[in-house]
Structures are given as structure tokens and as C-alpha cells.
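Structure assessment
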Amino acid sequence: MMEAKNFQLFPETASSIANQVDALYVFLVLVSAFFSLLIAFVVVFFAIKYRHRPENGPPIAHAEEEHGVGGMILEIVWSVIPLLLSLVMFGWGAAIFFTESRPPADSMEIYVTGKQWMWKIQHMEGAREINELHVPIDRDIKLTMTSEDVIHDFYVPAFRTKADVVPGKYVVEWFKPTKIGAYHIFCAEYCGTKHSGMIGTVYVMSQADFDKWLGAGGGEGSMAEQGQSLFNQLGCGNCHPSLVNDNNGRCPNLNNLFGSQVDLKDGSRVRADESYIRESILYPQAKIVAGYDDIMPTFKGLITEDGMLKLIEYVKSLGPPAGVVDRATPLPVETSTSPNPSTHMLPQGKTAPQPKTAPRPAPAPQGNQ
Ligand code: CUA
């Protein structure tokens, strides 16, 4: 027999947004329940009240009976009230949606890769886990997620947060855990035979416990450091200059690139975010930086999704400093329409491969691996 305390209408509320989502949900349920009952009552009531009685003779067709002003008012009332109610639902839902889709600027970043049928989690500091996610309490946590194969969906009911994890792009989800404990992770998008087994656990810990946990794991260096070794391994430094103001390489300088606006050969501009960097590595010809030639080979098939995240973290670590750029505050777009607006890039015509004059200094701390 099921005990009463095991019966829960709602999952635990363990994030800052959970109560807001529940409030909206309760509102929707109450409005639906009210109108369902009202309509059911009216159907039954009128069916009885206007039922056919034999003493009235055969039913009469009332085609052109007066529906005058009274009918008009009734029509307006039952159109306008639902309209207002729907607008409240829309406004309220949109407000929560906007909150949920904009991670605060100083969020702690964690990467998630979905794969048939597991969740791979990668912390900036290097710790990695599978089907488990350890986070500190009362911190904004931003998950940057992608998939290695099909569409998955990262869902933590206790946080009331959920997002499709799509191959070939980065999706962001954030939450602020407010209660220490262990909570379910589900895959909420059918992704094949073992979809139902693609589950895991979020552990919300005190900051002290989390630091201890983080210190115990890892050993391979931070993500950025691992990205740097991969960068060297793949020979990226042969073309991309490593010194901050060196623009004589055959390929664009990656220092201070992340988050900036990049001028492209075709005159358009693009923001250097995760997706741009990913695309430039896999499809280098897709967006050529103004002043450079289409000479970079594709690295498609040579880098795993995990490796890609490490490379991106490495590029991020080259600046600008974390926190300067965030999704929530769009960068001011310069209005320059001049065809040659780039001052920090090579001018057109100086694109020929430059022989390296001096051996490149090995890019900073040669970490692990
Ligand atoms: Cu992954 Cu369902």
C-alpha cells in the first residue's frame, strides 16, 4: 500500500526558479479546472432545463429569433475574458522563459555532452563525471550542452529546468540550486533503445563539500590547459600566432578573440561565441575573417565533442577575461559600414603567408597530459 508521504504531486523544489514555475502551473490548472467545471455544469443544466417535453408539441426551429443587444454583449464578454486570461498566461510564461534562458553573467560554467546513452559532464577545473553532476548550493550554474549523436534533453525536474541537447550546436541551460540533496536527471527526448536508462543524479553540495570534491577529482589539468595541449597536438599554433599583438600569422590571432565582433571577408560581422569557434574548426571555409585566405583545413572527424569543448575553453582563456562578455548584455554593435573596417586585422593585400621570422615561443604553461 502506498503511504501518504510517498505521494507527491510536485517534484521537490530545489532551485530558485522552481516556485515561479509551480505558481504558473497552478494558475493554468486552476483556470482550466474552473472553465471545465463551468462548461460541464452549464451543459448538464441546460440539457435538463430545456429538455423536450411532450406537452410542448414538436420542437420548433427558432431561426430568426431576436438575438439583439443581449446576445451581442454575451458574445463580447465570453470572447474578451478568455483573451485577457490567455494574455496573462502568455506574459507570465514569457517572463519565466526569458529568465530561464538568460544565465546570469557570473555563472559557474559546466559542459555537458549527451551521447547514446549517457551524460558526460566536464568541469572547468578538469573534473569529469558521467551521469553525475556535482554542484555547489546557491551558485548560478550554467550548462553549455551539446550532443554527439541524436537529440537528447537534459531535464532536472527538481530544478524545473529542461532543454533539448542538439548535435552540432551549443545549448545553454542554467539554474541556481537552493537545497542540498540528490536529484534526478532525465533525458526527456526519445533517443533510442536505452533512452529510459539515460538518467543520472545531480548532487547539490555545500560550497565546502564541493571544493573538497573538486579537489579530489581531476588530475588532468583544467579544461583550458587540456585544450591547450590539444591545440599544440593538432598543430594549430603553426598558423595562429600566439603573441597578443602579432598579426603576421597566416591565420587570425586568437588572443582576445572570444566574445568580440569579427569582420568577415564578405563584409558581414559575427560574434565570436562558442558556435562560431566550433564552426571555424569544423568548417573553416564557412566564415573567412577579413584579410585572410581560405587556407585552413577542416578538423572534422579529428576532434571529439569533448576535445572541441576543451579547445573552446582554451580560446576563451586567451581573453577577454571571463565576465567581461556575457550573453545577457549584447555587445555594442559598431555602425561602421566602411568596407575595410578592421584595424586589428591585416589589411587586405597583406595576406600572403609570412615566413616566421623567429621561432614561436611555446605558448605559456605547458601543463599536463
Ligand atoms: Cu537521450 Cu533520450
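Conventions adopted
Residues numbered from 1 in each chain as written. Predicted model: local features only at pLDDT ≥ 70, side-chain atom pairs only at ≥ 80, totals over all residues. Heavy atoms only, no water. Salt bridge = Lys/Arg side-chain N within 4 Å of Asp/Glu carboxyl O. Helix = DSSP H or I, 4+ residues; strand = E, 2+ residues; numbered from the N terminus. Buried < 20%, exposed > 50% of the residue type's maximum accessible area, 1.4 Å probe, protein only. Pairing = 2+ DSSP bridges. Core = buried A, V, L, I, M, F, W, Y, C linked by side-chain atoms within 4.5 Å. Contact = heavy atoms within 4.5 Å. Axes fitted to C-alpha atoms, helices over the stretch in contact; angles between N-to-C directions. Parallel < 35°, antiparallel > 145°, perpendicular 65-115°, else oblique. Nonpolar A, V, L, I, M, F, W, Y, C, P; charged D, E, K, R; others polar. Phe/Tyr/Trp six-rings, centres within 6.5 Å; stacked < 30°, edge-to-face > 60°. Lys NZ or Arg CZ within 6 Å of the ring centre and 35° of its normal.

Moving on: the pattern of salt bridges. In the structure shown here, the tally under the stated rule is 12 salt bridges. Residues Glu109 and Lys142 are paired through a salt bridge, measuring 3.7 Å at the closest nitrogen-oxygen approach. Linking Glu109 in strand β1 (residues 108-115) with Lys142 in strand β5 (residues 141-147), this pair joins segments that are 33 residues apart in sequence. Here Lys287 and Glu279 are joined by a salt bridge, their closest N and O atoms 2.7 Å apart.

Quick look at the pairing of strand β4 (residues 132-136) now. Burial within β4 is extensive, with 4 of its 5 residues counted as buried. Of the pairings in the sheet, the one linking β4 to strand β10 (residues 200-205) comprises 5 bridges and is parallel in character. Note that in β10 the partner of Leu133 across the bridge is Val202.

In this structure, Leu133, Leu143, Phe154 and Phe159 are the most contacted members of the largest nonpolar core, which totals 31 residues. If we ignore the near neighbours within four places in the chain, the residues touching Leu133 are Ile110, Ile121, His123, Leu143, Phe154, Phe175, Ile185, Thr201, Val202 and Tyr203. With 28 residues, the next largest nonpolar core counts Tyr111, Val262, Leu264 and Leu309 among its residues.

The side chains of a regular strand alternate, first on one face of the sheet and then on the other. Looking at chain direction, strand β6 (residues 152-156) and strand β9 (residues 181-187) are connected through 2 bridges and run antiparallel. By the bridge assignment, Tyr155 is partnered in β9 with Phe186.

With respect to the secondary-structure elements, Ala18 resides in helix α1 (residues 18-49). A relative accessible area of 0% places Ala18 in the buried class. Along the primary structure Ala18 and Pro157 are separated by 139 residues, whereas in three dimensions their C-alpha atoms are 8.9 Å apart. If sequence neighbours within four positions are ignored, Ala18 has contacts with Thr13, Ala158 and Arg160.

We now examine the packing of helix α4 (residues 223-233) against helix α6 (residues 305-317). Between α4 and α6, the least distance of the axes is 7 Å, while the angle of their chain directions is 105°. Of the possible angle classes, the one that applies to α4 and α6 is roughly perpendicular. Here α4 contributes Met223, Ala224, Gln226, Gly227, Gln228, Leu230 and Phe231 to the contact with α6, which in turn contributes Gly307, Leu309, Lys310, Leu311, Glu313, Tyr314 and Ser317. Of the residues that constitute the contact of α4 with α6, the class distribution is 7 nonpolar, 5 polar and 2 charged.

Bringing the sheet that holds strand β7 (residues 161-165) into the picture now. The strand order across the open sheet formed by 5 strands is β4-β10-β9-β6-β7, and the pairing between neighbours is mixed. Two strands close off the open sheet at either side, each with one partner strand: β4 and β7. Geometrically, the sheet is characterised by an average inter-axis angle of 20° between neighbouring strands, direction not taken into account. Two strands pair when backbone bridges link them, and β9 and β10 are joined in this way by 5 bridges, in the antiparallel orientation. Of the residues in β10, the one forming a bridge with Gly181 is Val204. Here helix α3 (residues 207-216) sits on the sheet and contacts β4 and β10; the angle it forms with β4, its principal contact strand, is near 130°.

On inspection of all chains with the given rule, the structure shows 13 aromatic pairs. Each ring, one from Tyr155 and one from Phe186, has its centre 6.4 Å from the other, and the planes form 45°; the classification is tilted. With Tyr155 in strand β6 and Phe186 in strand β9, this residue pair connects regions lying 31 residues apart in the sequence. Using a relative accessible area of 26% as the deciding quantity, one classes Tyr155 as partly exposed. With a relative accessible area of 31%, Phe186 lands in the partly exposed category. Aromatic ring contacts, followed pair by pair, group Phe41, Phe45, Phe46 and Tyr50 into a single cluster. Lying over the aromatic face of Tyr170, Arg278 brings its terminal NZ or CZ to 5.5 Å of the ring centre.

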